[in-house]
Amino acid sequence: MNNSVYFGFKDITIQYGKKKILENLSVEFPKGRITTIIGKNGCGKSSLLKTVSKAVLPRQGEVIYGGKRLDRYSPKFLAQKIAYLAQVHTSPPDIDVRTLVSYGRYPYSKFGRGLTEKDTVIIDNALERTGLSGLQNQILATLSGGERQRAWIAMTICQEPEILILDEPTTYLDVRYQLQILKLIRQLNQEYGITIVMVLHDINQSLYYSDEIVAMKDGKMIAHGLPEEILTGELVREVYDVNLDIRTVDGKPF
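Below is a short write-up of the structure. Residues take numbers from 1 onward in each chain, read along the sequence in its written order. With the structure being a predicted model, the display of local features is reserved for residues of pLDDT at least 70 and the display and counting of side-chain atom pairs for 80 or more, all residues being used for whole-chain, interface and lining totals. To get the side-chain values, take all heavy atoms of the structure and skip hydrogens and water.

Topic: the side chain of Thr-35
Piece 1. If you trace the backbone, Thr-35 turns up in strand β3 (residues 34–38).
Piece 2. Non-local contacts of Thr-35, meaning those with residues more than four positions away in its chain, are made with Phe-29, Pro-30, Ile-196, Val-197, Met-198, Glu-212, Val-214 and His-224. Numbering of helices and strands starts at the N terminus; helices are DSSP runs of H or I of at least 4 residues and strands are runs of E of at least 2. In what follows, residue pairs with any heavy atoms lying within 4.5 Å of each other are defined as contacts.

Some details on the packing of aromatic side chains
Piece 1. The aromatic pairing rule takes the rings of Phe, Tyr and Trp, using the six-membered ring of Trp, and pairs them if the centres are within 6.5 Å, calling planes under 30 degrees apart stacked, those over 60 edge-to-face and the rest tilted. Counting across every chain of the model gives eight aromatic pairs.
Piece 2. Consider the rings of Tyr-73 and Phe-77, whose centres lie 5.3 Å apart with planes at 15°: the pair is stacked.
Piece 3. Exposure is judged per residue with a 1.4 Å probe applied to protein chains only, and the accessible area is read against the type maximum: over 50% gives exposed, under 20% gives buried, and values in between give partly exposed. The buried category is assigned to Tyr-73, whose relative accessible area is 15%.
Piece 4. For Phe-77, a relative accessible area of 31% corresponds to the partly exposed category.
Piece 5. Put simply, the rings of Tyr-6, Tyr-65, Tyr-73 and Phe-77 touch in pairs and so form one group of aromatic residues.
Piece 6. Charge-over-ring placement is defined geometrically: NZ (Lys) or CZ (Arg) within 6 Å of the ring centre, and within 35 degrees of the ring normal. One Lys or Arg, Arg-105, reaches over the ring of Tyr-108 and ends 4.2 Å from the middle of that ring.

A word on the sheet that holds strand β2 (residues 19–29)
Piece 1. Think of it this way: DSSP has to see at least two bridges between two strands before they count as a pair. Strand order in the open sheet made by the four strands is β2-β1-β4-β5, with antiparallel pairing throughout. Of all strands in the sheet, those with a lone pairing partner are β2 and β5 (68–69), marking the two edges.
Piece 2. Sheet topology note: the strand β4 (residues 60–65)/β5 ladder contains two bridges and is antiparallel. Bridge pairing in β5 links Tyr-65 to Lys-68.
Piece 3. Every axis corresponds to a line fitted to the C-alpha atoms, with the helix fit spanning only the stretch in contact, and the corresponding angles, defined between N-to-C directions, vary from 0 to 180 degrees. Here helix α1 (residues 45–53) sits on the sheet in contact with β1 (7–16), β2 and β4, set at roughly 110° to β1.

Here it is in structure tokens:
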């Protein structure tokens, strides 16, 4: 990995006690594409993404953006460039949708100044884009799981990021809401050119909604490439220890 890297991880090692979660993992994510990380539970997928938010500090290695380590940038600058949505979210119990979404404008705020007219336009657009305009005054806790997830994604849209990192964005959602969220993610990528890195458990969803796949096992990357090229029965067997047939549906592996 050289200094021209747009976004990626270089030689990341994460260790808890004597147990290594990741070992010397390096991967680069192409600009403007959707890359999905797959692998069994415990293989290190979420731990890798958490190094971006510093929720996990690697024993060694670096997160690279724009050819430089993340610690070379100010937190405010990074918040304008990279949005990270964790698997589990917490918020005040009485917060309404619009207030939550407006938090995405904090990286652009100046001391002592409230929301500007531009902020309001961006918030309105994010609510409309995620289908939440009619629910913006609802208390977040009263919404369905899919609606709440869309509200969190709307908040990240307000950050106007170049890179959106999603750790299992469809977890705990039924299949209808899963597809709604994945279609929204694809639309954000296509319409705004956002580079998206996400973790998914459903293999078929990973194949259908991703431009590239990173396959992990036991803390190491074992494959990275186009879904139709790397997702074979042999790779699925190596990653998940199960036997599955790979067929082609609508030009995509299934």
